[in-house]
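Now for the letters of each chain:
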Amino acid sequence: MFQFSSLLALVLVAQLVAAAPCDIYASGGTPCVAAHSTTRALFSAYSGSLYQVQRASDSGTINIAPLSAGGVANAAAQDSFCAGTTCVITTIFDQTGRSNHLTQAPAGGAAGGPDNLAAADGAPVTLNGQKAYGVFISPGTGYRNDKTNGIATGDAAEGLYAVFDGTHFNGGCCFDYGNAETSADDTGNGHMEAIYFGTARGSAGAGSGPWVLADLENGLYTSASSTGTTASNPTITERFVTAVVKGEPGNQWAIRGGNSQSGSLSTFYSGVRPSNGYNPMSKEGAIILGIGGDNSDASQGTFYEGVMTSGYPADATENSVQANIVAAGYAVTSLTSGPALTVGSAVSFRVTTPGFTTRFIAHTGTQVNTQVVTSSNTTAVKQSASWNVVAGLGNSGCVSFESRDTPGSFIRHSGFELFVNANDGSQLFHEDATYCPQAGKNGQGNSIRSWSYPTHYFRHFNAILYAASNGGPSDFDATASYINDISFVVGASFA
Ligand SMILES: *[C@@H]1O[C@H](CO)[C@@H](O)[C@H](O)[C@H]1NC(C)=O
């Protein structure tokens, strides 16, 4: 008896000292039935695997766990395992013990599959100074579980929260996290209840977005209306966003949100459901990340952590979870590694693949290629192989490369081939022209990683430049010679 009560007291003290999000939801009577994060444990006692990565070199896998129970992911273990090769996230484990793990999403009604897996290192952050990685979802990337345990179905109550990157979004359908169809097909209004983040809209918030909306199937909603705007649902400008959606029987649901780095949650909407097929709900209980319920996969965003609960969480419970998220200390960290490519400098890129080391990245018209260039070539040739390093057009933590002979034109990927194109000012161009140089994968120079598709790197293949993924579907993605072909020595510009 004495031992039991001592243990109980210890457990209670531990929860008071360091309650994590799922401890808080349990205390509120709305326990987590799925808990996903690549950055940290969401129970104070959780020390199991957070996620699994697979490396391309030998297809080996490693499970990444917190550094200590309740702690931040052991990112150093990933870095060491993935050194000299490329890694993708294969599994995001469910921390609740219900095995509601997220893995590669299969084909669905809206898009073939399986979907792509996220680069393991596409979304580095720190939590109270400790490095961790989020899940960077490029278009075509998605995770899913269609055979879940304990997730709300029908009109049953549930709550969801997720932490996203508020600066990574687009207008494609649909960067979601939450409850979806078990068939990966659109089975009608009210068959989903997921958090959406981006600028796609049914009804929407104020301004031009991005917004936290709810994907309820056949519509993104911020109110009971399928169109129009809700002034209390703001355009998000924070780097880290806490997004909340919840629903319960009796025709009640809500959207809430806030800044994951400070402050409290605000209620963006709380009220009745849309009228045509959403009351009662017909939730099916699958879980999606980065895609729509029918596997629509045109969206992008970054996920750090999220849960699904049983029961409709009280606002006060969610407010405590928000306080815990703020205390977790999410912050940005460098997106680059290896030799610095200094903004304002002018550079050349020399191939390191044996047999081709006299070749440099150059361009002929809009096509980016490799050419043999020396100091004795014509000025025109030398300029074609020379690039201005400017602040990344799509993310100032990375860089863009402006052609020295065609000012205002930049290297961008399109169809995963590289082109020199004039900046058209669009979000898509800016992101396609943004690259985050890494330490050279073969130990030489830099490997130039796409910001928007971090599984893709500058790669020369038959003397043409691509944004290639290691073992991807195109001929230029071939694994043979990939690591050498994506490694370039950055030097002074020729002209
Ligand atoms: C640059 O000069 C070298 C040696 O003179 C020559 O082999 C090469 O073809 C020239 N490059 C171009 C792109 O003309």
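Under the annotation held in an unreviewed UniProt entry, the protein chain carries the name Alpha-L-arabinofuranosidase and is attributed to Mycena metata. Quoted verbatim from the Pathway (unreviewed entry) field of UniProt, the annotation for the protein chain is "Glycan metabolism; L-arabinan degradation." According to the UniProt record, the Catalytic activity (unreviewed entry) comment for the protein chain reads "Hydrolysis of terminal non-reducing alpha-L-arabinofuranoside residues in alpha-L-arabinosides."

As a further point, take the pattern of salt bridges. Going through the model one piece at a time under the given rule, you end up with 14 salt bridges. A salt bridge links Arg 239 to Asp 165; the shortest N-O distance between them is 3.2 Å. Of this pair, Arg 239 sits in the loop between strand S15 (229-230) and strand S16 (240-248) while Asp 165 sits in strand S9 (residues 158-165), and the two are 74 residues apart along the sequence. For Arg 239, a relative accessible area of 21% puts it in the partly exposed group. Two residues, Glu 318 and Lys 246, come together in a salt bridge whose shortest N-O distance is 3.0 Å. Within this pair, whereas Glu 318 is found in helix H4 (residues 315-328), its partner Lys 246 is found in strand S16, the two being separated by 72 residues in sequence. Each member of the pair, Glu 318 together with Lys 246, is buried. Taken together, the shared-partner salt bridges in this structure form one network comprising Lys 246, Arg 256, Asp 315 and Glu 318.

Before going further, it helps to examine the packing of aromatic side chains. Applying the stated criterion to the full structure yields 21 aromatic pairs. Between Phe 164 and Phe 197, the ring centres sit 5.9 Å apart and the planes meet at 35°, which makes this aromatic pair tilted. Highlighted residues: Phe 164 in strand S9 and Phe 197 in strand S11 (residues 193-198), separated in sequence by 33 residues. Like Phe 164, the residue Phe 197 is buried in the burial classification. Both rings, one in Phe 349 and one in Phe 401, keep their centres 5.1 Å apart while their planes meet at 85°; by these two values the pair is edge-to-face. A residue pair is termed long-range when its members are at least 10 positions apart, and Phe 349 in strand S22 (residues 346-351) and Phe 401 in strand S26 (residues 399-403) qualify at 52 residues. No difference in accessibility class separates Phe 349 from Phe 401, as the two residues are buried. One aromatic cluster in this structure is built from Phe 164, Phe 169, Phe 175 and Phe 197. Seen from the ring of Phe 240, Arg 239 lies directly overhead, with NZ or CZ sitting 4.4 Å from the centre. Between Lys 246 and the ring centre of Tyr 312, over which it is positioned, the NZ or CZ distance is 4.9 Å.

Pairing within the open sheet is antiparallel, and its 10 strands lie in the order S3-S2-S4-S5-S8-S19-S10-S11-S13-S14. One side of each edge strand has no neighbouring strand; the edge strands of this open sheet are strand S3 (61-64) and strand S14 (220-221). Inspection of the sheet shows strand S8 (residues 143-145) paired to strand S19 (residues 286-289) by 3 bridges, in the antiparallel sense. The residue of S19 that forms the bridge with Tyr 143 is Leu 289.

Before going further, it helps to spend a moment on the site of the ligand. Looking at the ligand, the residues that line it are Gln 371, Val 372, Asn 377 and Val 381. Note that an oxygen atom of the ligand is positioned 2.4 Å from one of the side-chain N or O atoms of Asn 377. Burial of the ligand by the protein chains amounts to 48% of its free accessible area of 360 Å². Along the lines of polarity and charge, the residues of the shell around the ligand split into 2 nonpolar, 2 polar and no charged.

Counting 72 residues, the largest nonpolar core has Val 135, Tyr 143, Tyr 161, Phe 164, Tyr 177, Val 212 and Tyr 330 as its most contacted members. Listed in part, the 19 residues of the second largest apolar core include Leu 341, Trp 387, Val 420 and Ile 448.

Here we come to the side chain of Asp 215. Tracing the sequence through the fold places Asp 215 in strand S13 (residues 211-215). Although Asp 215 is buried, it forms no salt bridge, and the closest oppositely charged side chain is Arg 144 at an N-O distance of 9.6 Å. Within the structure, the side chain of Asp 215 is placed 3.1 Å from the backbone nitrogen of Glu 217, a separation counted as a polar contact.

Reading the values: the criteria
- Residues numbered from 1 in each chain as written.
- Predicted model: local features only at pLDDT ≥ 70, side-chain atom pairs only at ≥ 80, totals over all residues.
- Heavy atoms only, no water.
- UniProt positions renumbered as here; feature names shortened; annotations may be inferred.
- Salt bridge = Lys/Arg side-chain N within 4 Å of Asp/Glu carboxyl O.
- Helix = DSSP H or I, 4+ residues; strand = E, 2+ residues; numbered from the N terminus.
- Buried < 20%, exposed > 50% of the residue type's maximum accessible area, 1.4 Å probe, protein only.
- Phe/Tyr/Trp six-rings, centres within 6.5 Å; stacked < 30°, edge-to-face > 60°.
- Lys NZ or Arg CZ within 6 Å of the ring centre and 35° of its normal.
- Pairing = 2+ DSSP bridges.
- Near = heavy atom within 4 Å.
- Polar contact = N/O pair within 3.5 Å; in protein donor to acceptor, adjacent residues only side chain to side chain.
- Areas by Shrake-Rupley, 256 points an atom, 1.4 Å probe, with all protein chains shown as cover.
- Nonpolar A, V, L, I, M, F, W, Y, C, P; charged D, E, K, R; others polar.
- Core = buried A, V, L, I, M, F, W, Y, C linked by side-chain atoms within 4.5 Å.
- Lys, Arg positive; Asp, Glu negative; His and termini not counted.

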